[in-house]
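Residues per chain are reported as follows:
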Amino acid sequence: MPATPAKPSFALPVPAATTVAPPDLTDSTLLDVDPDAQMSFGAVAVDSRSDVVYATAELPGGARRELKADVLRPAGDERLPLVVYLPGGAFLRCNKAMAFEARRHVAESGFVVASVEYRVTSDGAAFHDSVRDVRAALAYLRSHADDFGIDPRAVALWGESAGGHVAALTGVTYGLPEFSDASEAAPPGQLRAVIDAYGSSELSAIAADFDEAARLHYQREATHFSAYLGRPGAPFPEIPDAVRAADPATYATASAPPFLFLHGSEDMLVSSSQTQHVHQALRAAGADSTRYVLKGANHGDVGFLGRPGTGLPWTSAATMGVITGFLHDRLDTTER
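In this text the structure is predicted, and so the values were computed from the model without any measurement.

**Concerning the environment of Ser115**
Here Ser115 shows up in strand 5 (residues 112-116). Judged by relative accessible area, which is 0%, Ser115 ranks as buried. Along the backbone, Ser115 and Leu25 are 90 residues apart, and their C-alpha atoms lie at a distance of 31 Å. In contact with Ser115, not counting residues within four places along its chain, are Lys68, Ala69, Asp70, Tyr85, Pro87, Lys96 and Arg103. From its side chain, Ser115 meets the backbone oxygen of Lys96 in a polar contact 2.8 Å long.

**Digging into unusual backbone geometry**
The backbone of Ala90 shows a phi angle near 60°, a positive value even though the residue is not glycine. When you line up the elements, Ala90 lands in the loop between strand 4 (80-86) and helix 1 (100-108). A residue is classified by how much of its surface remains accessible, and Ala90, at 16% relative accessible area, is buried.

**Concerning the sheet that holds strand 6 (residues 150-160)**
Backbone hydrogen bonds hold the strands of a sheet together, and the pairing may be parallel or antiparallel. In spatial order, the strands read 1-9-8-7-6-4-5-3-2; together these 9 strands make up an open sheet with mixed pairing. One side of each edge strand has no neighbouring strand; the edge strands of this open sheet are strand 1 (29-31) and strand 2 (46-58). Each strand axis lies, on average, 20° off the axis of its neighbour in the sheet, ignoring direction.

**A word on the pairing of strand 2**
The pairing of strand 2 with strand 3 (residues 64-74) spans 10 bridges and is antiparallel. Bridging from a neighbouring strand, Val46 pairs with Pro74 of strand 3. Between strand 2 and strand 3, which pair antiparallel one after the other, the connecting turn spans 5 residues, and Gly61 there sits at a positive phi close to 85°.

**Here's the deal with the pattern of salt bridges**
Under the defined criterion, the tally for this structure stands at 14 salt bridges. The salt bridge partner of Arg104 is Glu108, with a shortest N-O separation of 2.7 Å. Here Arg104 pairs with Glu108, and both are found in helix 1, just 4 residues apart, close to one helical turn. This pair shows no difference in class: Arg104 is buried, exactly as Glu108 is. With its nearest N and O atoms 3.6 Å apart, the salt bridge here joins Asp329 to Arg330. A relative accessible area of 49% means that Asp329 is categorised as partly exposed. Residues joined by salt bridges that share partners form a network here, namely Arg119, Asp129, Arg132 and Asp133.

**A few points about the side chain of Thr121**
Its location among the elements puts Thr121 in the loop between strand 5 and helix 2 (127-143). Among the residues examined, Thr121 registers a relative accessible area of 17% and is labelled buried. Those residues in contact with Thr121, other than ones at most four positions away along the chain, are Phe91, Leu92, His224, Ala227 and Tyr228.

**Observations regarding the pairing of strand 4**
The element strand 4 is largely enclosed, with a buried count of 7 among its 7 residues. As defined by bridge partners, strand 4 adjoins strand 6 across 6 bridges and the pair is classed as parallel. In the sheet register, Leu82 faces strand 6, and the bridge partner there is Val155. Where strand 4 lies against strand 5, 4 bridges are found, and the strand directions are parallel. Along strand 5, the bridge assignment pairs Val83 with Val113. Regarding the hand of the β-α-β motif, the stretch spanning strand 4, helix 1 and strand 5 is right-handed.

Thresholds, definitions, all that
- Residues numbered from 1 in each chain as written.
- Predicted model: local features only at pLDDT ≥ 70, side-chain atom pairs only at ≥ 80, totals over all residues.
- Heavy atoms only, no water.
- Helix = DSSP H or I, 4+ residues; strand = E, 2+ residues; numbered from the N terminus.
- Buried < 20%, exposed > 50% of the residue type's maximum accessible area, 1.4 Å probe, protein only.
- Contact = heavy atoms within 4.5 Å.
- Polar contact = N/O pair within 3.5 Å; in protein donor to acceptor, adjacent residues only side chain to side chain.
- Pairing = 2+ DSSP bridges.
- Axes fitted to C-alpha atoms, helices over the stretch in contact; angles between N-to-C directions.
- Salt bridge = Lys/Arg side-chain N within 4 Å of Asp/Glu carboxyl O.
- Right-handed = clockwise from strand over helix to strand, strands pointing away.

This is the structure we're talking about:
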């Protein structure tokens with residue numbers, strides 16, 4: 001059994017909220033989970049392959065970077081659906097070692113789970129680059145389906161925080177040339193499901209549910225999010241077109257894959273209305289979208305804010321049951 005990687009430390013690049021408005025539940029389901037009833041893992045033998053190079057990206061200044069994936073799958077020869085996990089990191093970093101226990105739990109339930117690196121602002125990248133990287137990873141894994149025991153008919157994206165944003169944006173922009181890359185190894189095909197856990201969307205409204213000080217910070221200051229929009233040094237009010245171009249809701253259509261959104265009612269880093277914004281756009285377009293709000297949950301595991309145990313609602317048996325249930329339902333190929 002692989003060792004559990006240490007949880008990375010992370011300095012918060014923007015102020016956290018001091019107060020959070022109650023979430024709007026008119027189109028969502030409140031999920032009251034028992035944080036003491038945690039998911040299980042370790043009962044099923046899992047094969048692991050680390051540092052699989054799926055692409056080499058060009059960086060500013062002529063440098064090149066290998067982009068890698070860590071792949072988990074239950075031992076055996078059966079072809080299984082593919083779930084590509086996209087780590088968070090505020091678009092500043094992307095550590096594929098994140099969420100190992102949760103990824104193992106999902107793998108043990110019957111999936112190939114690949115945690116994928118994608119370029120972020122520290123690479124000189126913007127949102128188009130992240131989406132192109134994810135598409136390249138999907139193409140690589142599909143084209144190597146025999147090597148990993150993947151059923152290429154059944155593919156999903158699962159992202160958390162910034163990774164949730166990238167997952168949602170990738171899911172709704174399939175087929176759009178501005179998000180494609182000529183280096184893709186194979187046609188991307190069609191995603192069958194997308195999971196966005198506490199991801200951002202309309203970045204200018206990321207503090208919409210927070211106290212006035214947090215809201216004013218984003219209105220007046222140029223944060224690293226502006227660099228991710230391709231407009232470094234510009235506050236959000238000056239770049240509405242860039243904000244809209246990176247917003248998954250902009251591209252919502254009836255042909256989008258089924259979506260599952262999850263957000264904490266007490267998220268102090270990304271307003272819960274961010275996932276609701278995309279959820280509502282997808283529903284208005286006629287797409288299949290479901291959203292849960294976890295009662296009392298914060299922004300994933302924000303132990304770096306001095307709040308140990310905040311990640312427990314997200315790894316509870318109930319929450320992970322929603323995630324694996326959605327994946328089994330949407331990736332079932334027995335009748336296809």
